[in-house]
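Report on the structure
Each chain, written out:
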Amino acid sequence: MTKADAVTTTGSRATRILAALAALGVVWLVLLGLVFSPADQTQGELVRLMYVHVPSAWLAYLSFSLTAVGSAFVLWKKSQWWDLVAASAAEIGVLFCGLALLTGMIWGRPTWGTYWEWGDARLVSTLVLFLVFVGYLAIRRIPADPTVRANRSAIVALIGVVNIPLVHFSVKWWRTLHQEATVLSTDFDPKLDDLMLFTLFFSVVVFTLVFAWLLVHRFRIAWLEDQVDMHSLGIALDERRREAELVGGGS
Amino acid sequence: MSNWGYIVLGWSATGAVLTAYAMRLMARGRALSRQVPEGKRRWMQ
């Protein structure tokens, strides 16, 4: 990479190390998830979908929780930095929540005989969570003063995050097609083969590395967008001042 | 579709979505970086 290239990306030494670790992790995850880990006694080979579905759902929880933490700091400290973190995490959360829904539907078809079941509490509550944060992103696109936009979206995030425990415990509180939590159950005694359990934890670690890489880049983009806006605003104000001086000088 | 068809579909959809999003971020970052004055590119050394 030339020096000119080096100053025109959102990458840095840290993100390149993160990308290398994530790429290495993805290679091992494909081998573990699709080749080495055994088939399940009841699910058969389909259990391999767990290694993309569960980490996607976990990252959606993590992203939206981070959005909520950022939003609380926005309202409490009036922090622009936390507003950018919250917005960046929300976008990535929508991506992972969408993936959790998609892979869940793909898994549901051969397991339950249907892609979607409107009567299922887990499916519908996850869809509501997804739509609330799509709404959060839509609200951020409404033209407004940055402070108003930050406060408005922070309130939506804090309301939306209440959905997470609802989604997680929906399989316990209501009768659903969806199975109960495999690992984060109340007795913390996962009924999984050791290699399957290791592969599941490994998939969560790899997805979290990917999440971290995406978050850093998305945050830097949000920060750059603010810089470009401020730079453009500065140029526009300078032009106005010059026009005013010309008009004032001529009268 | 066979069970392996659903597995491949799930894994490849996940990979494709994440790769497409990562590439979009890289392209957007590159485009924005050029618009920001040099002194403000604080992490891009």
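Residues numbered from 1 in each chain as written. Chains lettered and ligands numbered in written order. Predicted model: local features only at pLDDT ≥ 70, side-chain atom pairs only at ≥ 80, totals over all residues.

Scanning chain A for helices and strands turns up eight helices and zero strands. Reading the secondary structure of chain A in the N-to-C direction produces α-α-α-α-α-α-α-α. Here chain A holds 251 residues, and 37% of them are scored as buried. Put simply, 76% of the contacts in chain A that link residues at least 6 apart link residues at least 24 apart. (Helix = DSSP H or I, 4+ residues; strand = E, 2+ residues; numbered from the N terminus. Buried ≥ 20, exposed ≤ 12 C-beta atoms within 10 Å, placed from the backbone. Contact = placed C-beta atoms within 7 Å.)

So, on to the overall build of chain B. Across its full length, chain B holds one helix and zero strands. Taken over 45 residues, chain B has a buried fraction of 24%.

Each partner contributes residues to the interface: chain B has 27 residues there, and chain A has 32 residues. Split into classes, the residues belonging to the side of chain B that touches chain A amount to 16 nonpolar, six polar and five charged. (Nonpolar A, V, L, I, M, F, W, Y, C, P; charged D, E, K, R; others polar.)

Before going further, it helps to examine the nonpolar core. All names here are of chain A. Ala86, Cys97 and Phe133 are the most contacted members of the largest nonpolar core, which totals 65 residues. The biggest single contributor to this core is helix α4 (residues 80-112), with 17 residues. Each residue touching phenylalanine 133, except ones within four places of it in the same chain, is listed here: Phe64, Ala90, Gly93, Val94, Cys97 and Gly160. (Core = buried A, V, L, I, M, F, W, Y, C linked by C-beta atoms within 7 Å.)

Another aspect to go through is unusual backbone geometry. Positioned with a positive phi, lysine 78 of chain A is a non-glycine residue whose angle comes to about 55°. The topology assignment puts lysine 78 of chain A in the loop between α3 (50-77) and α4.

For the rest of this paragraph, the subject is the confidence of the model for chain B. For chain B, per-residue confidence averages 86 on the pLDDT scale, and 84% of positions sit at 70 or higher. Here the predicted complex carries an ipTM of 0.89, next to a pTM of 0.87. (pLDDT = per-residue confidence, 0-100.)

Attention shifts here to α4 of chain A. Residue and element names in this part refer to chain A. Look at α4: 46 Å from first C-alpha to last across 33 residues, which is about the 48 Å you get at 1.5 Å a residue. Counting buried positions along α4 gives 25 out of 33 residues, so the element sits mostly inside the fold. Looking one or two residues beyond α4, the residue adopting positive phi is glycine 113, at roughly 85°. (Expected span 1.5 Å × (residues − 1).)

All names here are of chain A. It is the contact of α4 with helix α5 (residues 121-141), at a shortest axis distance of 9 Å, that shows an interaxial angle of 145°. As for the relative orientation of α4 and α5, their crossing is left-handed in sense. Of the residues in α5, those touching α4 at Ala87, Ala90, Glu91, Gly93, Val94, Cys97, Gly98, Ala100 and Leu101 are Thr126, Leu127, Leu129, Phe130, Phe133, Val134, Tyr136, Leu137 and Arg140. For the contact of α4 with α5, the class distribution of residues is 13 nonpolar, three polar and two charged. (Axes fitted to C-alpha atoms, helices over the stretch in contact; angles between N-to-C directions. Left-handed = near helix turned anticlockwise from the far one by under 90°.)

All right, on to the packing of α3 of chain A against helix α6 (residues 146-160) of chain A then. All names here are of chain A. With their axes 8 Å apart at the nearest point, α3 and α6 run at an angle of 135° to one another. Taken together, α3 and α6 sit at an angle that is classed as oblique. Handedness of the α3/α6 crossing: left-handed. On α6, the residues that touch Phe64, Thr67, Ala68, Ser71, Ala72, Val74 and Leu75 of α3 are Ala150, Asn151, Ala154, Ala157, Leu158 and Gly160. (Parallel < 35°, antiparallel > 145°, perpendicular 65-115°, else oblique.)

Now for α3 of chain A. Residue and element names in this part refer to chain A. Taking 1.5 Å per residue, 28 residues should reach 40 Å; α3 reaches 40 Å between its end C-alpha atoms and fits that length. Counting buried residues along α3, 20 of its 28 residues qualify, which places the element largely inside the surrounding structure. Directly after α3, the chain includes lysine 78, whose backbone phi takes a positive value near 55°.

It is worth spelling out the environment of serine 56 of chain A at this point. Inspection of the secondary structure puts serine 56 of chain A in helix α3. Here serine 56 of chain A falls in the buried class, since 25 other C-beta atoms lie within 10 Å of it. With 152 residues separating them along the chain, serine 56 of chain A and threonine 208 of chain A place their C-alpha atoms 9.3 Å apart. Ignoring sequence-local partners within four residues, the contact set of serine 56 of chain A consists of Phe96, Leu99, Ala100, Thr103 and Phe207 of chain A together with Thr14 of chain B.

When pLDDT is averaged along chain A, the result is 87, and 90% of the positions lie at 70 or above. Residue range residues 1-6 of chain A is modelled with pLDDT below 50. Its contacts to residues more than four positions away, or to other chains, number two contacts.

By the element assignment, tryptophan 118 of chain A lies in the loop between α4 and α5. A residue is classified by how many C-beta atoms lie within 10 Å of it, and tryptophan 118 of chain A, with 7 of them, is exposed.

Here we take up the environment of glycine 29 of chain B. Structurally, glycine 29 of chain B can be placed in helix α1 (residues 3-35). Looking at glycine 29 of chain B, the number of C-beta atoms within 10 Å reads 20, which means it is buried.

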